[in-house]
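Remarks on the overall topology
One letter stands for each residue in the lines below.
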Amino acid sequence: MIQAVMVISTQAKPRLLKFYNFQPPEKHQDLVRSVFQLLSARPDSVSNFVEVDAIFGQGTKMVYKHLATLYFVFVFDSSENELAMLDLIQDETHFINSNSSLFTVFVETLDRCFKNVCELDVVFNFNKVP
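We now turn to the structure provided with this report. (Residues numbered from 1 in each chain as written. Predicted model: local features only at pLDDT ≥ 70, side-chain atom pairs only at ≥ 80, totals over all residues. Heavy atoms only, no water.)

1. A few points about the overall build of the protein
- Counting secondary structure elements, the protein contains 5 helices and 7 strands.
- The order of α-helices and β-strands along the protein, N terminus first, is β-β-α-β-α-β-β-α-β-β-α-α.
- Taken across its 130 residues, the protein has 38% of its residues classed as buried.
- A total accessible area of about 7,300 Å² is found for the protein, and carbon and sulfur atoms account for 51% of it. (Helix = DSSP H or I, 4+ residues; strand = E, 2+ residues; numbered from the N terminus. Buried < 20%, exposed > 50% of the residue type's maximum accessible area, 1.4 Å probe, protein only. Areas by Shrake-Rupley, 256 points an atom, 1.4 Å probe, with all protein chains shown as cover.)

In structure tokens, the structure reads:
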């Protein structure tokens, strides 16, 4: 089961948070901080899969993709297929805010909602994000 979807800027600001299991609002910032510290310390050459038992509990994994100025993060438990989670992020599309082709279903959805999506669209129109 997917437990959380996060979009975090490279300045550690949460741009979109969606938890599918209850997390008290006062814990959200701690979770974002822990995830960002983990992601920002990882070199680009390592796997995008991370076990996050210490942050989200036993048997929890995370897959992420760093695109432009954002980290797209999916947190899920052991009942989900890791490659299926990566596939949610890595279907071919163009992230218009960047000069290169990038891969993400999520960004494609955002692009359809906002036309030429950029980080500011998520910041100022978060209520329109599906």
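2. Examining the side chain of Thr60
- Secondary-structure assignment places Thr60 in strand S4 (residues 60–67).
- Excluding residues that lie within four positions of it along the chain, Thr60 makes contacts with Gln3, Val50, Glu51, Val52, Asp53, Val75, Phe76 and Asp77. (Contact = heavy atoms within 4.5 Å.)

3. Points about the sheet that holds strand S1 (residues 2–9)
- Within the open sheet, the 5 strands sit side by side as S2-S1-S5-S4-S3. Their pairing is antiparallel. Taken across any chain shown, the strands that pair with only one partner, and hence form the sheet edges, are strand S2 (14–19) and strand S3 (49–51). On average, each strand axis in the sheet is tilted by 20° relative to the strand beside it, whichever way the strands run.
- Where S1 and strand S5 (residues 70–77) come together, 7 bridges link them in antiparallel fashion. From the neighbouring strand, Ser9 faces S5, where its bridge partner is Leu70. (Pairing = 2+ DSSP bridges. Axes fitted to C-alpha atoms, helices over the stretch in contact; angles between N-to-C directions.)

4. Considering the nonpolar core
- Core analysis: the largest hydrophobic core is formed by 17 residues, its most contacted members being Met6, Val35, Leu39, Phe56, Met62, Val73 and Val75.
- It is helix H1 (residues 25–40) that provides the largest number of residues to this core, a total of 5 residues.
- Filtering out sequence-adjacent residues up to four positions away, Leu39 remains in contact with Met62, Tyr64, Tyr71 and Val73.
- Core analysis: the second largest hydrophobic core is formed by 7 residues, Val5, Phe74, Leu86 and Ile89 among them. (Core = buried A, V, L, I, M, F, W, Y, C linked by side-chain atoms within 4.5 Å.)

5. Section: the pairing of S2
- Two elements, S1 and S2, share 5 bridges in a ladder whose sense is antiparallel. Bridge pairing in S2 places Met6 opposite Leu17.
- Turn length for the S1-S2 hairpin, with the two strands adjacent in sequence and antiparallel, is 4 residues, and the turn residue Ala12 shows positive phi of about 70°.

6. Brief notes about helix H3 (residues 82–89)
- Along H3, the positions that sit buried rather than exposed are Met85, Leu86 and Ile89. In a view along the axis of H3, the buried residues occupy a sector of 100°, so they form one face of it.
- In this structure Asn81 caps H3, since a side-chain oxygen of it lies 2.7 Å from the backbone nitrogen of Leu83. (Arc of directions from axis to C-beta. Polar contact = N/O pair within 3.5 Å; in protein donor to acceptor, adjacent residues only side chain to side chain.)

7. Structural notes on the pattern of salt bridges
- Considering all chains together, one arrives at 2 salt bridges under this definition.
- Between Arg33 and Asp30 there is a salt bridge whose closest N-O contact spans 2.9 Å. Of this pair, Arg33 and Asp30 both sit in helix H1, 3 residues apart, which is roughly one turn of that helix.
- Given the relative accessible area of 40%, Arg33 is considered partly exposed. (Salt bridge = Lys/Arg side-chain N within 4 Å of Asp/Glu carboxyl O.)

8. Regarding the environment of Met1
- One can find Met1 in the segment before S1.
- Distance from Met1 to Glu80, taken between C-alpha atoms, is 5.9 Å for residues 79 residues apart in sequence.
- If we ignore the near neighbours within four places in the chain, the residues touching Met1 are Tyr20, Val75, Phe76, Asp77, Ser79 and Glu80.

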